[in-house]
Amino acid sequence: MNDKNTKNEKMEAIVSLAKRRGFIYQGSDIYGGLSGTWDFGPLGVALKRNIMNLWWKMFVSDREDMLGVDAAILMNQKVWQASGHVDTFSDPLVECNNCKARFRADHIENNTCPNCGKIGTMGEARQFNMMFQTHVGPVDDEASVSYLRPETAQGIFTNYKNILDSYYPDLPFGLAQQGKAFRNEISPRDFIFRSREFEQMEIEYFVDPAKWEESFEMWRKLVWDWCAVIGLPTESIHELEVPEDKRAHYSKRTIDFEFDFPIGKEELLGLAYRTDFDLMNIQNNSGKSMDYNIKGTNTKFVPHVIEPSFGVERTIMAVLSIAYTEDEINGEKRVFLKFPEHLAPIKYAVSPLLKNKPELVAKAREVYNILKKKQAGMPGLSSLGGVAWDDNGNIGKRYRRQDEIGTPYCVVIDFDTLENDTITIRERDTTEQKRVAISEL
Ligand code: GAP
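Given the structure is predicted, the values throughout are model-derived calculations rather than measurements.

**Q** Can you walk me through the overall build of the protein in this structure?
**A** The helix and strand inventory of the protein stands at twelve helices and 24 strands. If you line up the protein on its principal axes, its C-alpha atoms span 75 × 70 × 50 Å. Look at the contacts in the protein between residues 6 or more apart in sequence, and 64% of them connect residues 24 or more apart. Within the structure as shown, the protein displays about 21,000 Å² of accessible surface, and the carbon and sulfur contribution to it stands at 48%. Of the side-chain charges in the protein, 55 are positive and 66 negative, and the distance between the mean point of each set is 4 Å.

**Q** Just checking my understanding: could you explain the packing of helix 2 (residues 42-61) against helix 9 (residues 312-323) for this structure?
**A** If you want to describe how two helices pack, look at the angle between their axes and the distance between the axes. Between helix 2 and helix 9, the least distance of the axes is 10 Å, while the angle of their chain directions is 110°. Relative to helix 9, helix 2 is oriented roughly perpendicular. Residues Leu47, Lys48, Ile51 and Met52 of helix 2 form the contact with helix 9, whose participating residues are Val312, Glu313, Thr315, Ile316, Val319 and Leu320. In terms of residue class, the contact of helix 2 with helix 9 is built from seven nonpolar, one polar and two charged.

**Q** What is the right way to read the pairing of strand 20 (residues 346-352) from this model?
**A** Along any regular strand the residues' side chains alternate between the sheet's two faces. The element strand 20 is extensively covered by neighbouring structure, given that seven of its seven residues are classed as buried. Relative to strand 21 (residues 386-389), strand 20 is paired through four bridges, and the arrangement is parallel. Across the sheet, the residue bridging to isoleucine 346 is glycine 386, located in strand 21. Pairing analysis gives five bridges linking strand 20 to strand 22 (residues 409-413), with the strands arranged parallel. Considered in strand 22, the bridge of tyrosine 348 is made with tyrosine 409.

**Q** Sorry if this is basic, but what is going on with unusual backbone geometry here?
**A** Following leucine 171, the chain continues to proline 172 via a peptide bond in cis, the omega torsion being -10°. Residue placement: proline 172 occurs in the loop between helix 6 (160-166) and strand 10 (173-182). A positive phi angle is found at phenylalanine 191, which is not glycine, with a value near 60°. With respect to the helices, strands and loops of the structure, phenylalanine 191 is situated in the loop between strand 10 and strand 11 (197-207). Despite not being glycine, threonine 275 has its phi angle at roughly 50°, a positive value. Relative to the helices and strands, threonine 275 resides in strand 14 (residues 264-275).

Rules behind the numbers
- Note on numbering: residues in each chain are counted from 1, in written sequence order.
- In keeping with the predicted nature of the model, local features appear solely for residues at pLDDT of at least 70, side-chain atom pairs appear and are counted solely at 80 or more, and the whole-chain, interface and lining totals rest on all residues.
- In computing side-chain properties, one takes all heavy atoms of the structure into account and sets aside hydrogens as well as water.
- Helix and strand definitions here come from DSSP, where helices need a minimum of 4 consecutive H or I residues and strands a minimum of 2 consecutive E residues; each element is numbered from the N-terminal end.
- In this analysis, two residues are considered to be in contact whenever any of their non-hydrogen atoms come within 4.5 Å of each other.
- Here the accessible surface of atoms and residues is derived via Shrake-Rupley with a 1.4 Å probe, and residues count as covered only by protein chains that are part of the display.
- The sign given to each residue is positive for Lys and Arg and negative for Asp and Glu; His and the chain ends receive no count.
- To locate a charge, the coordinates of NZ of Lys, CZ of Arg, CG of Asp or CD of Glu are taken.
- Between N-to-C directions, angles cover 0 to 180 degrees, with each direction set by a line fitted to C-alpha atoms, over the stretch in contact for helices.
- Roughly parallel here means an angle under 35 degrees, roughly antiparallel means over 145, roughly perpendicular means 65 to 115, and every remaining angle is called oblique.
- By the convention adopted, Pro, Cys, Tyr, Trp, Phe, Met, Ile, Leu, Val and Ala count as nonpolar, Lys, Arg, Asp and Glu as charged, and the other residues, Gly among them, as polar.
- Think of it in three bands: residues with accessible area under 20% of the maximum for their type are buried, residues over 50% are exposed, and the middle band is partly exposed, with areas taken using a 1.4 Å probe on protein chains only.
- DSSP-based pairing: two strands are paired if at least 2 bridges between them are found.

Laid out in structure tokens, this is it:
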């Protein structure tokens, strides 16, 4: 049962829980914050790592056609000139003549200033480039200009030739990268949904141009598989075929995968057919051939690219909003995060029934150490999620606290444990408790 009436109430409840329990804080909070930046606390970073590790496992380590890279964030300015970002990576900006506040033109409704509420005061739209510019080295001149990367993709394209030289993988093959991206968004908003600093998980999949549709369909299906693995219900995901005039400058076909966030239906991730746009730009600007020569033949061409692009923060926001649940146990309201087990920051919380009984504490420590060791050695997805020690407050309070951070199992050591090496394991979603042997955990 979710009794949050409005979408915003649910969003507010999630933001407040995220802060209170150490998932996500406003960046630079202590100094009044820095708009569009967010810091991850202990549980947030664990959730984020579980998501990113799972993605890497599914799309890189478990596949034969994929390799990983990790490129520098600062790149030669020629990268962004050649890619078209210097000229075209911009949003339309408007300023209110009354209060001087600035907004994205497409976020203005009914010609009304969202800040002062005046009607008809918005000026002419002008293009605002969203890249953060900086200088590399001690001299502030044109030659030292660089940018914080606005997408991880270019770090992949610029390494395509290196990878061919070192590996020469068979076509089709993909290169994957995870890492920070920066965009000077005109109006960052909706918690971590639109941030100025965020993380992406991107794949550039290099294909024979004659076969791009096949690979596009393969990735379309894999995106659905990914959404299922992270626990997003099929009915909450919607494909949007992006029309030509709304597509990025490099794309010939794009499907946005939208998700029913508490703030409404919005883009979660994108799948684009980037053609040979990037490799041709690199070839033309660097003078180096980007040709791929099919082994044992004279057939050569510049591969085309299919790009599935995932935003980490939006994934976290989707996972949090699906997991957020309210119910009632014995007339008492309960809030819990129904994370899939493999995404939960903590998988087992171990407690002695009473913290002032040394024999219970010693036995609980023993179980905690066994579980910690077992958990680390589990294969695949089962190894994700940590083991926590929790002896604060009474058992009921511990359960509530662990429910609120999405821990699927609470393990309690009581006097029976001392007698027969069994423990109580309590399940988050059903609140059912079972007695099992320690060896069965
Ligand atoms: N390389 C292609 C690319 O960057 P994009 O649609 O601009 O495409 C891909 O971004 C994904 O990155 C988005 O679907 C979203 O998940 C995430 N993303 C983009 N801008 C973001 C922002 N300001 N804050 C958080 N995530 C963002």
